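# Observations on chain architecture
Below, each chain spelled out in residue letters.
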Amino acid sequence: MNVNNVMADLERKHPGENEYLQAVREVLESIEEVYNEHPEFEKARIVERMVEPDRIITFRVTWVDDKGEIQTNIGYRVQFNSAIGPYKGGLRFHSAVNLSMLKFLGFEQTFKNALTTLPMGGAKGGSDFSPKGKSDAEIMRFCQAFMLELWKNIGPDTDVPAGDVGVGGREIGYLYGMYKKLAREYNTGVLTGKGITWGGSLVRPEATGFGALYFVQHMLHKAGKDIKGKTVAISGFGNVAWGAATKATELGARVIAISGPDGVIHNPNGMTPEKIDYMLELRASNRDIVAPFAERFPDSTFVPGKKAWSVKCDIALPCAFQNELTGDDARELLANGTWCAAEVSNMGCTPEAIAEFQKAGILFAPGKAVNAGGVATSGLEMTQNAQHLSWSAEEVDKKLHYIMSQIHEACVTYGTQPDGYVNYVKGANVAGFMKVAHAMLEQGII
Ligand code: 2IT
């Protein structure tokens, strides 16, 4: 395999799908060497088959808003790869959603899910519907209209969607309600991130952020450091940022920044339980702004138009959206002394930012390893559903902890360079790839 040739072919087939092409290039560049040591991969055209989704489903979603006006959005499900298990991955509702974004996310999900140690294939879906400014009734009607189309394509052993940006517990509830009505079956395993009284798993809401901090702890320990007393800058204020802020604070770190599309909150004294709870309120308001945090907590300040990366910190945790941390942001962080960056959002850093971090030799880990605790706990939710049981929070957290330690271990195994530097990007990509590639080889040419 020659990365440039594969990419040239993909660019010709999928012009302008920039996020997708970026995600594929990152993976191919890290696996090229190992791949070329295995002629059986090349012979079975594993890469050519792996970079194309198994299938893409797109559909029109029409619904009626509160004013009685008819709205039309586009819905998607990208079923990327099912070599190691049923398709699995979140749904993203955001105005910027398009096919390229969901293909990048589905591709990443395939390797991430392989890293979790659980049997899940990769998928992603969603819509260009924006929850911003929508009423609860509008969100319900949209979710119902979306599921009217999607339900035939999903199932506990087929494809199991969950939440992502813009899709939380409330949306999963509306989606499940409509699914149940259409399927006439109480099939809880068809969606994850469900409410606790109807098949949801304890710790699932916190799992992405908690898992990320467990991973960061492992990285730090390996480097002989401790998170206690360190300063952490977090971007975003949604579900993932909330989980990360909660666990970082619990572990003794000081979360000195959170941010939104409107600007950054400087929070020099760190988080309190009230502040962390308020993040949930901010998110539930559907206004997509972080500024009110500083009005509510006068020991913090709001700086409009700035990112979290303008705040001096030890550890930077992008928790919002892809490509939210650029080369310029990386240089600003490095100049301010940041020595660890971990993507909690999917592909949170641009390739230029990653290159800056790696050149500087700081600790850096990619989203598919760091944030895999979310989908891993979805996998645990599926297991509980299949068993018609629910586990205690301690049990789920213990399993999550163990899975994150296994993911860290896999990254170290496949990513340690001859000079001892752990290239977590390479480690995660190679470990995830090997598992999926071997399963594809063994299942023949399909
Ligand atoms: O990006 C992700 O891993 C998620 N949004 C969670 C997916 C899931 O199926 O729990």
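Please refer to the structure higher up on the page.
Anyway, here's the lowdown on the structure attached to this text. (Residues numbered from 1 in each chain as written. Predicted model: local features only at pLDDT ≥ 70, side-chain atom pairs only at ≥ 80, totals over all residues. Heavy atoms only, no water.)

### Some thoughts on the layout of surface pockets
What counts is decided by this rule: Note on definitions: the grid is 1 Å and covers protein atoms alone; a cavity is a set of points where a 1.4 Å probe fits but cannot get out; a pocket is an open set with protein on both sides within 12 Å along at least five of seven lines; lining residues have an atom within 4 Å of a point. Grid points are joined across faces, edges and corners, and a volume is the space filled by probe spheres set on the points. The way it works is that DSSP assigns letters per residue, a run of H or I at least four long becomes a helix, a run of E at least two long becomes a strand, and they are numbered from the N terminus. Classes in brief: Ala, Val, Leu, Ile, Met, Phe, Trp, Tyr, Cys and Pro nonpolar; Asp, Glu, Lys and Arg charged; the others, Gly included, polar.
Considering only enclosed or pocket space, the second largest pocket measures out at about 400 Å³ in volume. Lining the second largest pocket are 21 residues, with Arg25, Glu26, Glu29, Ser30 and Val425 sitting closest to its centre. Counting only elements with at least two residues in the lining of the second largest pocket, the list comes to α1 (3-13), α2 (18-36), α13 (351-360) and α17 (424-442). Looking at the lining of the second largest pocket residue by residue, the class counts come to 9 nonpolar, 5 polar and 7 charged.

### Thoughts on the pairing of strand β3 (residues 87-93)
Condition: Throughout this description, buried means an accessible area under 20% of the type-specific maximum (1.4 Å probe, protein chains only), exposed means over 50%, and partly exposed covers the range between. In this analysis, strands are considered paired if DSSP registers two or more bridges between them. If the strands point away from the viewer and the path from the first strand over the helix to the second runs clockwise, then the crossover is right-handed.
Among the 7 residues that make up β3, 7 are buried, leaving the element largely enclosed by the rest of the structure. Pairing geometry for β3 and strand β5 (residues 159-163), over 5 bridges, is parallel. Of the residues in β5, the one forming a bridge with Lys88 is Val160. Handedness of the crossover joining β3 and strand β4 (residues 122-127) through helix α5 (residues 99-115) is recorded here as right-handed.

### A short note on the packing of aromatic side chains
The relative placement of two aromatic rings is captured by the distance of their centres and the angle of their planes. Put simply, the test is: By convention, a stacked pair of Phe, Tyr or Trp rings (six-membered ring in the case of Trp) has centres within 6.5 Å and planes under 30 degrees apart, an edge-to-face pair has planes over 60 apart, and any other such pair is tilted. Any Lys NZ or Arg CZ that is within 6 Å of a ring centre and within 35 degrees of that ring's normal is treated as a charge sitting over the ring.
A complete count under the given rule lists 22 aromatic pairs for this structure. Residues Trp151 and Tyr179 carry aromatic rings whose centres are separated by 6.5 Å and whose planes lie at 70° to one another, so their mutual orientation is edge-to-face. With Trp151 in the loop between α6 (136-150) and β5 and Tyr179 in helix α7 (residues 169-183), the pair connects residues that are 28 residues apart, well separated along the chain. Counting every residue linked through ring pairs, the aromatic cluster contains Phe59, Trp63, Phe93, Phe129, Phe142 and Phe146. Above the face of the Phe129 ring, Lys134 is positioned so that its terminal group lies 5.2 Å from the ring centre.

### Some points on the sheet that holds strand β1 (residues 55-64)
Under the convention used in this document: An axis is simply a line fitted to the C-alpha atoms; with a helix, the fit covers only the stretch in contact. Between two such axes, the angle follows the N-to-C directions and lies from 0 to 180 degrees. Residue contacts follow a heavy-atom distance rule, with two residues in contact if any of their heavy atoms lie within 4.5 Å.
The sheet built from 5 strands is open, its strands ordered β1-β2-β4-β3-β5 with mixed pairing. The sheet is open, and its two borders are formed by β1 and β5, each paired with just one other strand. On average, each strand axis in the sheet is tilted by 20° relative to the strand beside it, whichever way the strands run. Two elements, β1 and strand β2 (residues 70-81), share 10 bridges in a ladder whose sense is antiparallel. Opposite Val61, over in β2, you have Asn73 as the bridge partner. Sitting on the sheet, α5 is in contact with β1, β2, β3 and β4, with an inclination near 150° to β4.

### Things to note about the pairing of β4
The element β4 is largely enclosed, with a buried count of 6 among its 6 residues. Covered by surrounding structure in β4 are Gly122, Lys124 and Gly126 together with Ala123, Gly125 and Ser127, the residues of both alternating faces. With 6 bridges joining them, β2 and β4 adopt antiparallel strand pairing. Paired with Gln79 across the strands is Ala123, a residue of β4. Of the pairings in the sheet, the one linking β3 to β4 comprises 3 bridges and is parallel in character.

### Considering the packing of α1 against α2
Note the threshold: Throughout, the term roughly parallel applies to angles under 35 degrees, roughly antiparallel to angles over 145, roughly perpendicular to angles from 65 to 115, and oblique to all others. For any helix crossing, the convention is left-handed if the near helix is rotated counterclockwise from the far helix by under a right angle, and right-handed if that rotation is clockwise.
Closest axis-to-axis distance for the α1/α2 pair is 10 Å, and the angle between their directions is 160°. With respect to α2, the axis of α1 lies roughly antiparallel. Relative to α2, the crossing made by α1 is right-handed. On α2, the residues touching Val3, Asn4, Val6, Met7, Leu10 and Glu11 of α1 are Tyr20, Leu21, Val24, Arg25, Leu28, Glu29 and Glu32. Of the residues in the contact of α1 with α2, the class split is 8 nonpolar, 1 polar and 4 charged.

### Section: the sheet that holds strand β11 (residues 340-342)
Taken in spatial order, the 7 strands of this open sheet run β9-β8-β7-β6-β10-β11-β12, and their pairing is mixed. Two strands bound the open sheet, and with one partner strand each, they are β9 (301-304) and β12 (363-365). In this sheet, adjacent strand axes meet at a mean angle of 15° when their direction is disregarded.

### Points about the site of the ligand
As a reminder of what qualifies: Nearness is defined per residue: one heavy atom within 4 Å of the molecule or strand is enough. N or O atoms within 3.5 Å of each other form a polar contact, as long as, within protein, one can give a hydrogen and the other can take it, and as long as residues adjacent in sequence are counted only when both atoms are side-chain atoms. Each accessible area is a Shrake-Rupley estimate made with a 1.4 Å probe; only the visible protein chains count as cover when residues are assessed.
Neighbouring residues of the ligand: 13 residues in total, closest Lys88, Lys112, Lys124, Asp164 and Ser378. Take Lys124: an N or O atom from its side chain is 3.0 Å from an oxygen atom of the ligand. Between the ligand and Arg204 there is a distance of 3.0 Å, counted from an oxygen atom to a side-chain nitrogen or oxygen. When the ligand is considered free in solution it has 300 Å² of accessible area, and contact with the protein chains removes 93% of it. For the shell around the ligand, the element with the most residues is β3, which contributes 3 residues.

### Observations regarding the pattern of salt bridges
Condition: We define a salt bridge as a side-chain nitrogen of Lys or Arg found within 4 Å of a carboxyl oxygen belonging to Asp or Glu.
Throughout the structure, instances matching the rule amount to 24 salt bridges. As a salt-bridge pair, Arg45 and Glu42 come within 3.6 Å of each other at their nearest N and O atoms. With relative accessibility at 27%, the residue Glu42 sits in the partly exposed group. Residues Asp164 and Lys124 are paired through a salt bridge, measuring 3.0 Å at the closest nitrogen-oxygen approach. With Asp164 in the loop between β5 and α7 and Lys124 in strand β4, this residue pair connects regions lying 40 residues apart in the sequence. Overall, Asp164 belongs to the buried group, its relative accessible area being 18%. Residues participating in the shared-partner salt-bridge network are Asp328, Arg331, Glu352, Glu356 and Lys359.

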